[in-house]
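Residue-level structure breakdown
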Amino acid sequence: MNSKQVVLITGSSTGFGRLFTETLARKGHTVFATMRDPGGRNAKNASEIRTLAEKHSLPIYVLEMDVTDDTSVELAVDNAIAKAGRIDVAINNAGYYLSGLEEAVTTEQAQRLMDTNFLGPVRVNRAVLPHMRRQRSGVLIHVSSGAGRVVLPSVGFYCASKFALEALAESYNYELAGQGIECVIVQPGAYETPVFGNTVVAADQARTDTYGAAKDFPAKVNGALSSRAGNAQEVADAVLRIIETPAGEKQLRYRVSAQNFGVDEINDISQQVQAKVLEGFGLTADTKFRKGKAAGSA
Ligand SMILES: NC(=O)c1ccc[n+]([C@@H]2O[C@H](COP(=O)([O-])OP(=O)(O)OC[C@H]3O[C@@H](n4cnc5c(N)ncnc54)[C@H](OP(=O)(O)O)[C@@H]3O)[C@@H](O)[C@H]2O)c1
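Residues numbered from 1 in each chain as written. Predicted model: local features only at pLDDT ≥ 70, side-chain atom pairs only at ≥ 80, totals over all residues. Heavy atoms only, no water.

This part takes up the overall build of the chain. Summing up its helical and strand segments, the chain has ten helices and nine strands in all. By the compact-globule yardstick of 19 Å for 298 residues, the chain fits well, its C-alpha radius of gyration being 19 Å. Here the chain, with 298 residues, has 48% of them falling under the buried criterion. Put simply, of all contacts in the chain between residues at least 6 apart along the chain, 77% involve residues at least 24 apart. With the model as given, the accessible surface of the chain reaches about 14200 Å², and the carbon-plus-sulfur share is 52%. Of the charged side chains in the chain, 32 are positive and 32 negative, and the gap between their average positions amounts to 5 Å. (Helix = DSSP H or I, 4+ residues; strand = E, 2+ residues; numbered from the N terminus. Rg over C-alpha atoms; globule rule 2.2 N^0.38 Å. Buried < 20%, exposed > 50% of the residue type's maximum accessible area, 1.4 Å probe, protein only. Contact = heavy atoms within 4.5 Å. Areas by Shrake-Rupley, 256 points an atom, 1.4 Å probe, with all protein chains shown as cover. Lys, Arg positive; Asp, Glu negative; His and termini not counted. Charge placed at Lys NZ, Arg CZ, Asp CG, Glu CD.)

Another point: the site of the ligand. Of all residues adjacent to the ligand, which total 30 residues, the nearest are Ser13, Thr14, Tyr158, Tyr191 and Thr193. Gly15 places a main-chain nitrogen or oxygen 3.5 Å from an oxygen atom of the ligand. Between an oxygen atom of the ligand and a side-chain N or O atom of Arg41, the distance comes to 2.8 Å. Coverage of the ligand by the protein amounts to 95% of the 890 Å² it exposes when considered alone. Counting residues per element, the ones that place at least two in the shell around the ligand are α1 (15-26) and α6 (156-176). (Near = heavy atom within 4 Å. Polar contact = N/O pair within 3.5 Å; in protein donor to acceptor, adjacent residues only side chain to side chain.)

With that settled, consider the confidence of the model for the chain. Averaged over all residues, the pLDDT of the chain equals 96, while 97% of them reach at least 70. Across the chain, element-level confidence peaks in strand β4 (residues 89-92) with a mean pLDDT of 99 and bottoms out in helix α8 (residues 217-227) with 95. (pLDDT = per-residue confidence, 0-100.)

Bringing the packing of aromatic side chains into the picture now. Evaluated as defined, the whole model comprises five aromatic pairs. Taken together, the aromatic side chains of Phe16, Phe20 and Tyr191 make up a single cluster linked through ring pairs. (Phe/Tyr/Trp six-rings, centres within 6.5 Å; stacked < 30°, edge-to-face > 60°.)

Direction vectors running N to C along α1 and helix α2 (residues 43-55) enclose 10°, while the axes themselves pass 12 Å from each other. The angle between α1 and α2 places the two elements in the roughly parallel class. Counted together, Arg18, Thr21, Glu22 and Arg26 of α1 and Asn45, Glu48, Ile49 and Leu52 of α2 form the full contact between these two elements. Across the contact of α1 with α2, the residue classes break down as two nonpolar, two polar and four charged. (Axes fitted to C-alpha atoms, helices over the stretch in contact; angles between N-to-C directions. Parallel < 35°, antiparallel > 145°, perpendicular 65-115°, else oblique. Nonpolar A, V, L, I, M, F, W, Y, C, P; charged D, E, K, R; others polar.)

This structure, assessed with the given rule, holds 13 salt bridges. A salt bridge links Arg26 to Glu22; the shortest N-O distance between them is 2.9 Å. Of this pair, Arg26 and Glu22 both sit in helix α1, four residues apart, roughly one helical turn. A residue is classified by how much of its surface remains accessible, and Glu22, at 26% relative accessible area, is partly exposed. For Glu166, the salt bridge identified is with Arg253, shortest N-O distance 2.7 Å. Highlighted residues: Glu166 in helix α6 and Arg253 in strand β9 (residues 253-256), separated in sequence by 87 residues. (Salt bridge = Lys/Arg side-chain N within 4 Å of Asp/Glu carboxyl O.)

Bringing the environment of Arg50 into the picture now. Mapped onto the fold, Arg50 is located in helix α2. Of the residues examined, Arg50 reaches a relative accessible area of 40% and is grouped as partly exposed. Placed 107 residues apart in sequence, Arg50 and Phe157 show a C-alpha to C-alpha distance of 35 Å.

Contact geometry of helix α5 (residues 119-135) with α6 gives a least axis separation of 12 Å together with a crossing angle of 15°. With respect to their mutual orientation, α5 and α6 come out roughly parallel. Of the two elements, α5 crosses α6, and the hand of that crossing is right-handed. Residues Pro121, Val122, Asn125, Arg126, Leu129 and Arg133 of α5 form the contact with α6, whose own contacting residues are Leu165, Leu168, Tyr172 and Leu176. Considered class by class, the residues forming the contact of α5 with α6 number seven nonpolar, one polar and two charged. (Left-handed = near helix turned anticlockwise from the far one by under 90°.)

Looking now at the sheet that holds β9. With parallel pairing, the seven strands of this open sheet are ordered in space as β3-β2-β1-β4-β6-β7-β9. Strands with a single pairing partner mark the edges of an open sheet, and in this sheet they are β3 (60-64) and β9. Within the sheet, the average angular offset between the axes of one strand and its neighbour, ignoring direction, is 20°. Of the strand pairs in this sheet, strand β2 (residues 30-35) and β3 are connected by five bridges, and their pairing is parallel. Residue pairing across strands places Phe32 opposite Tyr61, the latter belonging to β3. (Pairing = 2+ DSSP bridges.)

Listed below in structure tokens is the structure:
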């Protein structure tokens, strides 16, 4: 793989995605910064990114992608391949936070959340993997969260979406390692981005009203999260280090956070348990990373 890589990022309009775009492009990586509706509601964000690219001669291309729409995902991936000929890294970043007592979250709200935070990466991975397989190399990055490992009351659906993402990414990791394709999970703590302003609130107020003191969980949790939010550039710097780590040397999970509530410990124990599970099923050798061979080579 070239040291300068072709990177496709979802949810690049704001927050982490926007920072990843700029941080990676400034190091010479070609970035396809995808976002919803760059000609409409994200026109200002798209134009700021294009202006930055022009001003500093950065290899950034803005593309439209709604991760809840199969056709939109496939079109963006096709456009990136037509332009660059390859995608070395796909960063599944698009996602949002849903806050509220679980009983007050409607099934429609829950479906929409899973459609973005979980099925979004399913669509993106399915679209990019045939190209990575052809290249015999590639990296799938999944922006999870500490909430993909620990649970807070009033964050249950968001946690569920990130737990689901973690399971999917870990399984992809085992299945793809033999083909030279790596899977990585990034678990940020709380960081200053527009995420809290974009929070969706559980819609069924009548259910919430029956809860007594637990009604205050969302305010307590969200207040604590935003008060300890760190500088989001830390996460962008971590992602840069990850994609510049040689193939076969990346970790499955990277926790990026100033606070440690034990997520690292869960990751360590999980790694030990998973190693035993794979061994018990006779899968250890088959799930080890092997550099992909170019088509036709011995
Ligand atoms: N900030 C934190 O403390 C924190 C901590 C852990 C994990 N995370 C995760 O980090 C990721 C990025 O969040 P952020 O903090 O950077 O917040 P953000 O600024 O709100 O960014 C979220 C991005 O996702 C995009 N998005 C939402 N639905 C989409 C869809 N259907 N298709 C395409 N893009 C969509 C948004 O685009 P629009 O502009 O079109 O809405 C936006 O670009 C999320 O997965 C979040 O769960 C954040």
